[in-house]
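# Close look at the chain arrangement
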Amino acid sequence: MNSAVGAGRRGGRHVVVAGGSLAGLLAAHVLAGHADRVTVVERDRFPGSAEPRPGVPQGRHPHVLLQGGQAAMEALLPGFLTELREAGAPWVGMPSDMVLWQAGRWFRRVSASTHIYTGSRAQLEELVRRRVLANPLIDTVEGTEVVGLLGDASRVRGVLLRERSGDTRAEPRALEADLVVDASGTGTKAPQWLATIGAAAPHEETLDTGLAYASRVYRGPKGVLDGATVGYYVYPGPSQLHGGGALPLEDGTHLVIVSGLRGDEPPTDDDEFVTYAKRLGHPLLDRWMDEAEPLSPAFGYRRTANVRRRYDLPGPPAGFLATGDALCTFNPIYGQGMAAAAMSAVALRDALADPHRTPTTRRAQRALLAASRQAWDISAGADRKMPGALGSALDGGPADRVADWYLRRVLERAPGDPVVGDAFRAVLTLARPVSALFAPPVARAVLFTRPAPTPTKPPATPEGPGV
């Protein structure tokens, strides 16, 4: 049998999810509707409140929940966005609420066509964890890691567990399951686990620019970034290798991030962090930091490669699925990870609920991969253009080269043309498919008009209606 959940013992279908981060929690939530018991195995001990934890290495850095992820979250956990707003998570209108700079041009601050949440990762994950783990069908095993799989090349039948605080030489204990979901993140060992039981490891596609970033919490001067303007951001690109900005958090502080490429990584020394911000090409952020109070040390992060594991080729053993960063990791600078995790959970839900098809492991895995494709195309597509990029996915082929010509024209027009800008933001926030960039009004502007004028200096206020 190749059922995604499997028949298991009568009345005792059991699912194990390896990893209790966002992707794992949302997968557990979906699978609880198809199993009698779901066990989430997490390396960490879950904190009692919204606190960063070691198992989320990017937890102290900026996170945004894009519009596509917001819709997916609300579909999975009705009322979640209201909870997020009530918890104080900033809901930022783009481009009206931010001062944005890309490729040497300031964006016009026209009315917002999309909104993003910029609260801390710890806050959002704690809210999800509280909702998901309230389900009595979902149990957790904390302070424990999956170290292997049970089964053979045709079917996975459970996992091998070892307590992290115990003796690493101790014999791991077995936990049987009808389905194992790998949601263990970027450091997944699933390819090795599969090889050990004789199953084929997935083909990996990689693309790495060597981008690194560092972040630090600041409290800004009163009256600045707490009114019509809530943050700044400089987008990195081939002509602007350094990026950075200040994004609002739920407690009224701002998380400042700076980024650079391989060989020019941002420092985590506090004084050098401040100096590095001067490389952004405009002193806007640097001037704000001069008057702001630092509230934390600088934290660095360097694992930013795009990695996609093709479990659909030829397909995983029955009883095994991968999701989240264990399936597809994006350069975090584009802010897609949380949205992709939520959208993947929706795809899994829909694949399992399809009344016209048996929910096999292969179909479910293909649905998960498809859910992450647009985020991959955006992240890998942008990173291919960066100098020094390396990896097996570096050459996108002739079709991508034609698309690159069109997308360059989109980028030139997005800062000043509201029609192009709206479509551009809808695609980047995963709210609409890439085809939105080729809709007739957008295509006419991209192909037949010159780039519209943009502000010559940072626009201090949003534009009024009708401007």
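Only a predicted model underlies this, so the values are computations on that prediction, with no experimental measurement involved. (Residues numbered from 1 in each chain as written. Predicted model: local features only at pLDDT ≥ 70, side-chain atom pairs only at ≥ 80, totals over all residues. Heavy atoms only, no water.)

## Some remarks on helix α2 (residues 67–76)
Within the span of α2, buried status applies to G68, G69, Q70, A72, M73 and L76. Looking at the buried positions of α2, the neighbouring elements they touch are α1 (22–31), α3 (80–86), β3 (91–94), β6 (114–117), α4 (121–132) and α8 (337–353). (Buried < 20%, exposed > 50% of the residue type's maximum accessible area, 1.4 Å probe, protein only. Helix = DSSP H or I, 4+ residues; strand = E, 2+ residues; numbered from the N terminus. Contact = heavy atoms within 4.5 Å.)

## Describing unusual backbone geometry
With an omega of 5°, the peptide bond between M94 and P95 qualifies as cis. Within the element layout of this structure, P95 appears in the loop between β3 and β4 (98–102). Non-glycine residue A103 carries a positive phi angle of around 50°. Tracing the backbone shows A103 in the loop between β4 and β5 (105–106). Located in the positive-phi region is L430, a residue other than glycine, with phi close to 65°. Residue position: L430 is located in the loop between α12 (418–428) and α13 (440–448). The buried category is assigned to L430, whose relative accessible area is 8%.

## Comments concerning the packing of aromatic side chains
For any pair of aromatic rings, the description rests on two quantities: the centre-to-centre distance and the angle between the ring planes. On inspection of all chains with the given rule, the structure shows eight aromatic pairs. Ring centres 5.3 Å apart and planes at 65° place the aromatic pair Y233 and Y235 in the edge-to-face group. Accessibility expressed as a relative area gives 25% for Y235, which makes it partly exposed. Taken together, the aromatic side chains of F107, Y233 and Y235 make up a single cluster linked through ring pairs. (Phe/Tyr/Trp six-rings, centres within 6.5 Å; stacked < 30°, edge-to-face > 60°.)

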